[in-house]
There are 2 protein chains.
Amino acid sequence: MVWGKEIARNLYGLTGDMRIQYLDISDEGHLILKIGNHEIDLYELITKNDLPGAHIRILPLIRKMMVQVVEVFIRAMKKHNSKLGFIPIYPLKSNSSKIVIDTIWSHGEKYNWGFNIGTIPEAELISNYSNKKPRLLVVDGVKDKAFIEKLIDMKNNWEIIVDIESERDVEILKEYPELKIGIRIKLLSTTRSPWSKSSGLYSKFGISLIDFENIIDKYEYLYDRSVLLHVHAGSQIPSLEDLDKIIGETVSIYTYLRKIGLDNLTYIDFGGGLAYPYTHFKKGSGFSPDYTLEEYAELIVEKTMGLEKFDAKIVFEGGRYIVAPHRITVSKVIDVRPYGARPRIYEDVGYGIIDEIRKAGNLKELNNVLRKIREVITRLTSRTEASKENRILLEKLITSIEYEVSKKIEELFSRMRLDEFIEYIKYPSPLLEYLITPSMRVFVSFSVFNHIPDKIVVDQYFQVVPLSRLLKKPEILAILSDLTCDSMGEYGDFYSYVEKPFKEKLIPLDLLTSTDKKLLYVPNMLVKLNGIPLHIPRKGEKYYLAFLETGAYQDMLGMNHNMLSGYPEILIDIIDGQLKIKVVNKSYASKYPV
Amino acid sequence: MVWGKEIARNLYGLTGDMRIQYLDISDEGHLILKIGNHEIDLYELITKNDLPGAHIRILPLIRKMMVQVVEVFIRAMKKHNSKLGFIPIYPLKSNSSKIVIDTIWSHGEKYNWGFNIGTIPEAELISNYSNKKPRLLVVDGVKDKAFIEKLIDMKNNWEIIVDIESERDVEILKEYPELKIGIRIKLLSTTRSPWSKSSGLYSKFGISLIDFENIIDKYEYLYDRSVLLHVHAGSQIPSLEDLDKIIGETVSIYTYLRKIGLDNLTYIDFGGGLAYPYTHFKKGSGFSPDYTLEEYAELIVEKTMGLEKFDAKIVFEGGRYIVAPHRITVSKVIDVRPYGARPRIYEDVGYGIIDEIRKAGNLKELNNVLRKIREVITRLTSRTEASKENRILLEKLITSIEYEVSKKIEELFSRMRLDEFIEYIKYPSPLLEYLITPSMRVFVSFSVFNHIPDKIVVDQYFQVVPLSRLLKKPEILAILSDLTCDSMGEYGDFYSYVEKPFKEKLIPLDLLTSTDKKLLYVPNMLVKLNGIPLHIPRKGEKYYLAFLETGAYQDMLGMNHNMLSGYPEILIDIIDGQLKIKVVNKSYASKYPV
């Protein structure tokens, strides 16, 4: 059986540009965190603290992302000899947990890292921070007088720019000449972001250019006070081609506004959009962008080259990218159940279909039988059959079928060559569907609604990795169920992409889980599995799963379904070269079974 | 112009069986609440308290729903001469706000109303309630020893039944002989509920019948201690046909379990599923069931008639139905902006298409031009055109088109007969699409993510009704935007169904909004509009919108996006015949602009 650290790293997505920097597998098969010169065994960390689960917050990762962004942009500007200014700001909406803001605030000192807020409570929160050297604060969202007056109170400690998006905004801000103005313009270009409705003429945010022209005719103060152009085309933009359009349009709008006389308009804020790579491969989907941070920075720098004459300054508004990796959610597996019913054999079900499975001599024949089975079961369960006396017979039929199919698959695969096998599963078929369907249901001590709400909100992908037994081949494909009484509280998404060519000669069974014979991977091919490759916890064994990169938005969107909210937290930091680990919110543990 | 109270009631969905009982329009055109003999003007209530918005909680409506359920079931049982027991229980997951539980607890005294919980914090909460006469407490969800021991502490005050769903559960419960057992079985029948994955063999909850049979062979204690059969096919089941299957299957499972010797199994808990009618018409969709409470009760009573010999008792687990109507969320409109850009005319855009609109002599010709326009705009905005110098030209083209189209529509409609008009808009066409698309974007002082999260989670429909000017014909069709920085924070769903035939002779313009000439309704035809029919607030006017029936799940699922959570609440109650109104959580108001 071919299995090892290298395949495990590949299968569980630890090979991406980003993850390779901070995650690895130990010689004991545990997931380890690499921070500076330190290595932390995450399995030991969580079991030692005996918790049902926790958010592990790795503060040095926030700093790492900040530094990376600045360095990559500066490198791109040097390369192109761009003389533009560069100012990073952090939008509170991505994560306004105190510890996150504190970290960005302190580490942002040397970069003069600014902030972006959009609501009154965000203004309240950020007003607790202040500096001798004022930092940029870009304020968007819907305003009223109370909101603006809150900003007036802060004006000595911050360089405040307030966006206008409507005539009402312009009317309110007329009364506060001490505040600088940002102009939030609607982009016409659209993207394939999950938040694609953020751009286009009919998007929620911003004002059209011609409506702005009409307003500026009426409110001449805007000529002087406007200092920033702000656009936002949606979070997590998947393709460089989309970004190219957006940045191009923004530059064109900027040039136009300078031409019509907004002489103080020096800041260009390109808004959010830089996608965080939630997968270890580039796919150009909402969760795996087809570009890198380097390419993003190059694009902006190149497109803005002509703006030096305007003394322009690029504002980078990265939220998700900065905070996504810093939180890893770790949860205990507490019960393992069959996905449907446990496959077993009933000789007496009396349907010819069992014989047909047994007789299948090759994959093609098995595929035909599987197609037929699907029809039979759909027909029996969608009609009223289930409500009649043969209800138990129906279950016996299904479990017998599952038993026979899994036996047959093992038999057929064990006498095939790898290339034959791959040829068969390259294309959609009932067999492939069978192979990527979980056989088990694993209950995990967490709430999808509270801990990874974006699974519910935008069907977001989160990489799942077991904390232990990584040097053992996964035994089963399992769907994860949470503690809520809601059938949406499930997680079974797994992108399998094992790129490395192995020296070892593979046989088909190497590509399958060891117990339920489901698909693990096909070398060099991207396969979406409908379950997570896992091990079955042995009696008394503590088995935990990590959900990676839950640091952006998940803290803010967490729901209180079935009163499950909050989670213990393990804070990891490095202070003066020393590793500091602290457990907080431990009392939340009592809400979750172990 | 034909408009009046009757049309307003119809358009805003105040004619449904449910809403007609507690909502109406006053002679001033305000939305009023009718509770007992009291009438409360909701517009006055909110403006008097000068709030950006509030959840109005009407506690007598919870009681009303409780009484209705009991009475309808008792009536159905009398009619069929059924001798079965009937026990209602309330699942905490639907809404575990203290005030809701308190209300159900107190009013449930005379009906011996029980509860259903599924997590440790829910057990903590319900343990605060206790009675001399123990009420039924059905416990599902994932258990551990600590959870069970919490229940043991409560065993003198509650009649506790703990569901088993896996061998682990059976193993744990073996040690606690004092607890009665419920058996949660998987249904094979599936439904068209938005939570359809709650049933079927591969659903999250329950154990298959044959897995249960295997377990009972090993754990004989289950024969004696099992007292309840529990199923759950998903919330909000849309069709009576689906319910028929589910109830039939449940009865068949129950009969089977009695046959194999579970002699103490007397309770049958049919789980959730009774759909609350979120619309005023029956559609058989996830939010408008094709049946009534009466039909639901009749179905259960009829299907369980054969179970008298088992001394069976029906457990009704209604959550959503009981609490949905008690909360009305009311929010202030604070800014009105164009949906795209304000339509206006630019003579110089230099595209022949404007002329084509002007020349259209009838709806058919206009339709053809509209089809062409759509292609042109899609082409221009999806390519890189927007990023070039003609960016502003593109906006001018679009706004000119919108201006000309709206003028042309008014011209054509004003010389048509009603039947001609209806014939044209019966079927999908670019014209119909134009007519149901909003022209304005209205910012409302609330958060979709916090106040109506199910819009995000399951695309739920909530009826929107203005609190004032209901005797004036709506002026515009508008999409509602919330305060978050998220493009998903929008609401524009409106089912228009005006059933009443009017005595007045209608002309096409009667069916359109008065300002932007968008579609309001077509008599006797269900039309889904993509915006809400509203009025434009005049300068200084306070204009509020109500979102009806936000009482189930929305309190639990509320997210903290952009730190917007919580809302002032106005509690309405009747105590000893006296109307009591109390404002609580007023401090939350400062988070929201006015």
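A few words on the domain arrangement of chain A. All names here are of chain A. Taken domain by domain, chain A holds domain 1 (5-59 + 327-339 + 437-591), domain 2 (82-317) and domain 3 (352-420). Relative to domain 2, the C-alpha centre of domain 1 lies at a distance of 35 Å. The partner domain 2 presents 19 residues to the 25 residues of domain 1 that form the contact. Buried area between domain 1 and domain 2, summed over both chains or domains, comes out near 2,000 Å², and the portion from carbon and sulfur atoms is 63%.

With parallel pairing, the 8 strands of this closed barrel are ordered in space as β5-β6-β7-β8-β9-β10-β11-β12 (chain B). Across the sheet, the axes of successive neighbouring strands diverge by a mean angle of 30°, strand direction being ignored.

One can find Glu165(A) in the loop between β8 (158-164) and α7 (167-174). What makes Glu165(A) buried here is its relative accessible area of 3%. For Glu165(A), the side chain forms a polar contact with the side chain of Arg337(B), separated by 3.5 Å. Those residues within four positions of Glu165(A) in sequence are excluded, and the remaining contacts are Asp140(A), Gly141(A), Arg184(A), Phe205(A), Gly206(A), Ile207(A) and Arg337(B).

A word on the relation of the copies chain A and chain B. Placing chain A over chain B gives an RMSD of 0.0 Å and needs a rotation angle of 180°, together with 0.0 Å of translation along the axis. Viewed as a symmetry operation, the transformation between the two copies matches a two-fold axis. Of all interface residues in chain A, 99% are interface residues in chain B too; the two copies therefore contact each other through one and the same surface.

The next point concerns a negative patch on the surface. A surface patch of negative charge is lined by Asp17(A), Glu241(A), Asp290(A), Glu294(A) and Glu295(A). Assignment of secondary structure puts Glu241(A) in helix α10 (residues 240-259).

Residue and element names in this part refer to chain A. Even without a glycine there, the phi angle at Lys517 is positive, about 55°. Mapped onto the elements, Lys517 comes out in the loop between β18 (494-496) and β19 (527-529). The residue Asn585 is not glycine, and still its phi comes out positive at about 55°. Here Asn585 shows up in the segment after β23 (578-584).

Right, let's get into the sheet that holds strand β3 (residues 38-41) of chain B. Residue and element names in this part refer to chain B. The strand order across the open sheet formed by 3 strands is β1-β2-β3, and the pairing between neighbours is antiparallel. Looking along the sheet, the strands with just one partner apiece sit at the ends: β1 (23-25) and β3. Mean inter-strand twist for the sheet, computed between neighbouring axes without regard to direction, equals 35°. Inspection of the sheet shows β1 paired to strand β2 (residues 31-35) by 3 bridges, in the antiparallel sense. Bridge pairing links Asp24 to Ile32 in β2.

Formed by 429 residues in total, the largest nonpolar core has its most connected members in Ile328(A), Leu519(A), Ile328(B) and Leu519(B). Contacts of Ile328(A), omitting those with residues within four sequence positions, involve Tyr22(A), Leu23(A), Leu33(A), Leu42(A), Ala54(A), His55(A), Ile56(A), Ile58(A), Ala546(A), Phe547(A), Leu548(A) and Thr550(A).

Moving on to the interface of chain A and chain B. Every contact between the two is made by 101 residues of chain A and, on the other side, 100 residues of chain B. Across the interface of chain A and chain B, roughly 8,600 Å² is buried in total on both sides, 59% from carbon and sulfur atoms. Considering only the surface of chain A that becomes buried against chain B, Tyr202(A), Lys204(A) and Ile210(A) emerge as the three largest contributors, covering 9% of it. Linking chain A to chain B there are 8 salt bridges. For the salt bridge of Arg337(A) with Glu165(B), the shortest nitrogen-to-oxygen distance reads 3.5 Å. Applying the counting rule to chain A against chain B returns 44 residue pairs in polar contact (both at pLDDT 80 or more). Tallying contributions element by element places helix α15 (residues 391-414) of chain A first for the side of chain A that touches chain B, with 8 residues. Within the side of chain A that touches chain B, the residues separate by chemical class into 42 nonpolar, 27 polar and 32 charged.

As a further point, take the packing of helix α3 (residues 59-79) of chain A against helix α4 (residues 98-107) of chain A. Residue and element names in this part refer to chain A. Contact geometry for α3 and α4: axes closest at 10 Å, N-to-C directions at 45°. The angle between α3 and α4 falls in the class oblique. As α3 packs across α4, the resulting crossing turns out to be right-handed. Where α3 abuts α4, its residues Leu59, Ile62, Arg63, Met66 and Val67 lie against Ile99, Val100, Thr103, Ile104 and His107.

Further remarks concern the pattern of salt bridges. All names here are of chain A. Under the definition given, this model contains 78 salt bridges over all chains. Glu541 is the salt-bridge partner of Arg538, the closest N and O atoms lying 3.4 Å from each other. Relative accessible area serves as the criterion here: at 52%, Arg538 is assigned to the exposed category.

This part takes up the packing of aromatic side chains. This structure, assessed with the given rule, holds 54 aromatic pairs over all chains. Through successive ring pairs, a cluster of aromatic residues spans Phe73(A), Phe86(A), Tyr291(A), Tyr296(A) and Phe316(A). If you follow Arg135(B) out to its NZ or CZ, it ends over the ring of Trp105(B), 3.9 Å from the centre. One residue, Lys518(B), lies across the ring of Tyr434(B), its end atom 3.7 Å from the ring centre.

How each quantity is defined
Residues numbered from 1 in each chain as written. Chains lettered and ligands numbered in written order. Predicted model: local features only at pLDDT ≥ 70, side-chain atom pairs only at ≥ 80, totals over all residues. Heavy atoms only, no water. Domains from an automatic or database assignment. Contact = heavy atoms within 4.5 Å. Buried area = accessible area lost by both parts, 1.4 Å probe. Pairing = 2+ DSSP bridges. Helix = DSSP H or I, 4+ residues; strand = E, 2+ residues; numbered from the N terminus. Axes fitted to C-alpha atoms, helices over the stretch in contact; angles between N-to-C directions. Buried < 20%, exposed > 50% of the residue type's maximum accessible area, 1.4 Å probe, protein only. Polar contact = N/O pair within 3.5 Å; in protein donor to acceptor, adjacent residues only side chain to side chain. Least-squares fit on C-alpha atoms with pLDDT ≥ 70 in both. Patch = residues over 30% accessible without salt bridge, like charges linked within 9 Å, V, L, I, M, F, W, Y side chains within 5 Å. Areas by Shrake-Rupley, 256 points an atom, 1.4 Å probe, with all protein chains shown as cover. Salt bridge = Lys/Arg side-chain N within 4 Å of Asp/Glu carboxyl O. Lys, Arg positive; Asp, Glu negative; His and termini not counted. Charge placed at Lys NZ, Arg CZ, Asp CG, Glu CD. Core = buried A, V, L, I, M, F, W, Y, C linked by side-chain atoms within 4.5 Å. Nonpolar A, V, L, I, M, F, W, Y, C, P; charged D, E, K, R; others polar. Parallel < 35°, antiparallel > 145°, perpendicular 65-115°, else oblique. Left-handed = near helix turned anticlockwise from the far one by under 90°. Phe/Tyr/Trp six-rings, centres within 6.5 Å; stacked < 30°, edge-to-face > 60°. Lys NZ or Arg CZ within 6 Å of the ring centre and 35° of its normal.

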